[in-house]
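Take a look at the letters that make up each chain.
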Amino acid sequence: DEIGRLGGAFNDMAESLQRFTQKIEADRDFLDRLINSIEDEIVVFDRELRVVAANRAAGKGGATGGSCEGVCRTRGDTCCKAEGACIVSATFEAGQPQRRLCSYQEDGIDRHIEVVTAPIREEGDRVVQVVCFTRDITERRMMETELIRSERLASLGRLAAGVAHQINNP
């Protein structure tokens, strides 16, 4: 009788464990789909600057086990050399989020990217990993440039209209 109750308790625990495992797997699948649906590159680096995890947008450069240099080189990014230090290394050293705007040429087109990093800490406040978000802002930059050009032309038009008005009506 006691062995039967013990067996029933073990069965209940096994079913409960199976439900929790299924919930954890469902949550992990949801988070995986969520991260991979983001169009910006998301790459997580360890202290040796190796890729720990990456979303689909990171492409071949974000292959697990790859290096920080491999991620930068894949998109033609020269931030590391232009700024004097890798932004991921700077985040590990400072323990603070970093932000950098970088430019490079790809197929004769000037590309602009925004790189933002954030430290991932363990309980002792030690930075153990860095997550790096990279967004292509080339189109936004082109639109900003066009807006500035349009505003200049509008100002020039207003100035010409004012001068013409003054000439016609002294």
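Look up: the structure comes first, before these words.
These remarks concern the structure in this document. (Residues numbered from 1 in each chain as written. Predicted model: local features only at pLDDT ≥ 70, side-chain atom pairs only at ≥ 80, totals over all residues. Heavy atoms only, no water.)

We now examine the overall build of the protein chain. A count of helices and strands for the protein chain gives 5 helices and 5 strands. N-terminal to C-terminal, the α/β element order of the protein chain is α-β-β-α-α-α-β-β-β-α. In the protein chain, which comprises 170 residues, the share counted as buried stands at 25%. Look at the contacts in the protein chain between residues 6 or more apart in sequence, and 38% of them connect residues 24 or more apart. Approximately 12,200 Å² of the protein chain is accessible, and the part contributed by carbon and sulfur atoms is 54%. (Helix = DSSP H or I, 4+ residues; strand = E, 2+ residues; numbered from the N terminus. Buried < 20%, exposed > 50% of the residue type's maximum accessible area, 1.4 Å probe, protein only. Contact = heavy atoms within 4.5 Å. Areas by Shrake-Rupley, 256 points an atom, 1.4 Å probe, with all protein chains shown as cover.)

As a further point, take unusual backbone geometry. The residue Leu 49 is not glycine, and still its phi comes out positive at about 60°. Here Leu 49 is to be found in the loop between β1 (41-46) and β2 (51-54). A positive phi angle is found at Asp 125, which is not glycine, with a value near 70°. Examined against the element boundaries, Asp 125 turns out to sit in the loop between β4 (109-121) and β5 (127-136).

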